[in-house]
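Letter by letter, the chains look like this.
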Amino acid sequence: MDQFHDIRPYNDDEVAEVLHNLVETPDFVNTIIGFRFAQWPKFLRGPLVFGVKFALKRQISKITNIHDFQSIVANYMERMIKTTTSNVEYRGIEKLDKKTGYLFLSNHRDIAMDPAFVNYGLYLAGLNTVRIAIGDNLLRRPFVSDLMRLNKSFIVKRSANGIREMMAAFGQLSGYITHSLMQDQCNIWIAQKEGRAKDGLDQTDPAIIKMFYMSQKKEKKPFAEAMANLKIVPVSISYEYDPCAFDKANELHQKSTTGNYEKAEFEDIDSIKNGIVGQKGKVVVTFGDVIKDGFETPEEFVAEVDRQIITYYAIQSTNEAALALQKGESSTDSAFSSYLERCPENLRETVLAMYANPLKQQQKYLNKQS
């Protein structure tokens, strides 16, 4: 019995049927048309539907397994990197063993691009790509769920109601992660806390660590041993420019001024799209060190994850410029100054804080250590 059937990624033998159903899904086809042909006149909608479906059928005829699907995703990644970044740099990836399954516990800036950049680095280095944790709040449209699960995503049931249902969901998730790492020797990517760090401050949620432990705790394994078994590697992702910065700032501003922010129905999908197509400048992905035995409590473990993510964070010119402007000093980064001019005036202080906070957090941490 497949105890993880409702949350796991699709298997190779399910790919053909899922792809066939996707091509016949009007919501999926119309989304592609809206994305690629938004400026075309409406009277061409019929021919566009026919043309898009024909092109999709030709493409999927060559896909027989997950690796084939991810090879196509890699081609799109290459194109996206060329058009939306100035450079992508990977640090620490040489420390990873191709035969080992790691749990990559990452800071979180962008819904889709964080795991995508980690995945692409592993792909280029000849390592196994990751199984990606994704919240069910992002899967309100069935075709999105299908696409994500084809790309090795597994579902985190954030919408579970009541203590009993939540504990069951966390237990299943913990079991799936442990099984993936210890039995399948597969890599896992998961964010250090629920939701993006919209203010630029990275902090691990202890509940994530406690969830990791649940399945091994049932087997009476000590916490330190259980965590060492998972081979957790903190990952720090740094973007020179955040394509969703102004939208994040608007949400933070509304929450601080009115105490509330209501998301539009498909706002997360728009954030995914904007994160993909928006300009990012330089991107740096830093793989930390495997956290080994010696941490006896979730709180001690969290402190080590935070230490690595914060100290390994690659400081960008935009972080330095934002902090200088916060201090009332002039910025030498003319590109960042031009960028701020495009920002609504009432959001500028929030955007400055978003870019300055990673540097301030790192300086504070390093000063504490010295």
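Described in the following lines is the structure provided in the data block. Every value quoted in this text rests on a predicted model; they were computed, and no experiment measured them. (Residues numbered from 1 in each chain as written. Predicted model: local features only at pLDDT ≥ 70, side-chain atom pairs only at ≥ 80, totals over all residues. Heavy atoms only, no water.)

Structural notes on the overall build of the chain
Helix and strand content of the chain: 15 helices and seven strands. Structurally, the chain occupies a C-alpha span of about 65 × 55 × 45 Å along its principal axes. Sequence separation of at least 24 residues holds for 77% of the intrachain contacts in the chain that already meet a minimum separation of 6. Roughly 18,500 Å² of accessible area belongs to the chain as shown, and the carbon and sulfur atoms make up 52% of that amount. (Helix = DSSP H or I, 4+ residues; strand = E, 2+ residues; numbered from the N terminus. Contact = heavy atoms within 4.5 Å. Areas by Shrake-Rupley, 256 points an atom, 1.4 Å probe, with all protein chains shown as cover.)

Here's the deal with the sheet that holds strand β4 (residues 153-156)
Strand order in the open sheet made by the seven strands is β1-β7-β6-β2-β5-β3-β4, with mixed pairing throughout. Of all strands in the sheet, those with a lone pairing partner are β1 (85-91) and β4, marking the two edges. Across the sheet, the mean angle separating the axes of adjacent strands is 25 degrees when strand polarity is ignored. Taken together, the four bridges between strand β2 (residues 103-106) and strand β6 (residues 232-239) define a ladder with parallel strand orientation. The residue of β6 that forms the bridge with S106 is V235. In the packing of helix α4 (residues 66-84) onto the sheet, the strands contacted are β1 and β7 (281-287), and the crossing angle to β1 comes to about 120 degrees. (Pairing = 2+ DSSP bridges. Axes fitted to C-alpha atoms, helices over the stretch in contact; angles between N-to-C directions.)

A word on the pattern of salt bridges
Across all of its chains, the model carries 17 salt bridges by this definition. In this structure, R141 engages D27 in a salt bridge whose closest nitrogen and oxygen atoms are separated by 2.8 Å. Taken together, the positions of R141 in the loop between β3 (130-135) and α6 (142-150) and D27 in helix α2 (residues 26-36) put the pair 114 residues apart, joining distant regions of the chain. Here R141 falls in the buried class, since its relative accessible area comes to 15%. For D27, a relative accessible area of 28% puts it in the partly exposed group. (Salt bridge = Lys/Arg side-chain N within 4 Å of Asp/Glu carboxyl O. Buried < 20%, exposed > 50% of the residue type's maximum accessible area, 1.4 Å probe, protein only.)

Quick look at the packing of aromatic side chains
By convention here, two paired aromatic rings are described through the distance between centres and the angle between planes. Following the criterion strictly, the structure yields 16 aromatic pairs and no others. With a centroid separation of 5.4 Å and an interplanar angle of 70 degrees, the aromatic rings of F104 and F287 are classed as edge-to-face. Placement of the pair is F104 in strand β2 and F287 in strand β7, with a sequence separation of 183 residues. Through pairs of rings, three or more aromatic residues link up here, namely Y241, F246, F336, Y339 and Y355. It is R149 that lies over the ring of Y10; its NZ or CZ is 4.6 Å from the centre. (Phe/Tyr/Trp six-rings, centres within 6.5 Å; stacked < 30°, edge-to-face > 60°. Lys NZ or Arg CZ within 6 Å of the ring centre and 35° of its normal.)

Observations concerning the side chain of S236
If you trace the backbone, S236 turns up in strand β6. Among the polar contacts listed, one links the side chain of S236 to the backbone nitrogen of Y313, at a separation of 3.5 Å. With near-sequence residues (within four places) excluded, S236 lies in contact with N107, V284, V285, T286, I309, Y312 and Y313. (Polar contact = N/O pair within 3.5 Å; in protein donor to acceptor, adjacent residues only side chain to side chain.)

Observations regarding the pairing of β2
Both faces of the sheet carry side chains from a regular strand, because those side chains alternate between them. Burial along β2 is two-sided: L103 and L105 and F104 and S106, pointing in opposite directions, are all buried. Pairing of β2 with strand β5 (residues 187-191) involves four bridges; the strand directions are parallel. Within β5, the position partnered with S106 by the bridge is A191.

What about the nonpolar core?
Nonpolar side chains in soluble globular proteins generally cluster together in the buried interior. In this structure, L103, L105, L150, I177, F212, M227 and I232 are the most contacted members of the largest nonpolar core, which totals 57 residues. Setting aside anything within four residues of it in sequence, one finds F212 in contact with L103, L105, S174, I177, T178, I190, M227, L230 and I232. The next biggest cluster of nonpolar side chains, apart from the first, holds 26 residues, and it includes V118, Y120, V130 and V233. (Core = buried A, V, L, I, M, F, W, Y, C linked by side-chain atoms within 4.5 Å.)

Description of α4
Residues three or four positions apart in an α-helix share a direction because the helix packs 3.6 residues into each turn. With 19 residues, α4 ought to run about 27 Å at 1.5 Å a step, and its terminal C-alpha atoms sit 26 Å apart, in line with that. For α4, the capping residue at the N-terminal end is N65, with a side-chain oxygen 3.2 Å from the backbone nitrogen of H67. (Expected span 1.5 Å × (residues − 1).)

A look at a negative patch on the surface
Among the surface-exposed residues, E225, D293, E296, E299 and E300 lie close enough to one another that they form a single negatively charged patch. With respect to the element layout, E299 can be found in helix α12 (residues 298-312). (Patch = residues over 30% accessible without salt bridge, like charges linked within 9 Å, V, L, I, M, F, W, Y side chains within 5 Å. Lys, Arg positive; Asp, Glu negative; His and termini not counted. Charge placed at Lys NZ, Arg CZ, Asp CG, Glu CD.)

Topic: the packing of helix α13 (residues 317-326) against helix α15 (residues 348-369)
In the contact formed by α13 and α15, the axes pass within 7 Å of each other and the chain directions differ by 100 degrees. Taken together, α13 and α15 sit at an angle that is classed as roughly perpendicular. Taking contact as the criterion, the partners of T318, N319, E320, A322, L323, L325 and Q326 in α13 are, on α15, L352, A353, Y355, A356, P358, L359, K360 and Q363. Of the residues contributing to the contact of α13 with α15, the split by class is nine nonpolar, four polar and two charged. (Parallel < 35°, antiparallel > 145°, perpendicular 65-115°, else oblique. Nonpolar A, V, L, I, M, F, W, Y, C, P; charged D, E, K, R; others polar.)

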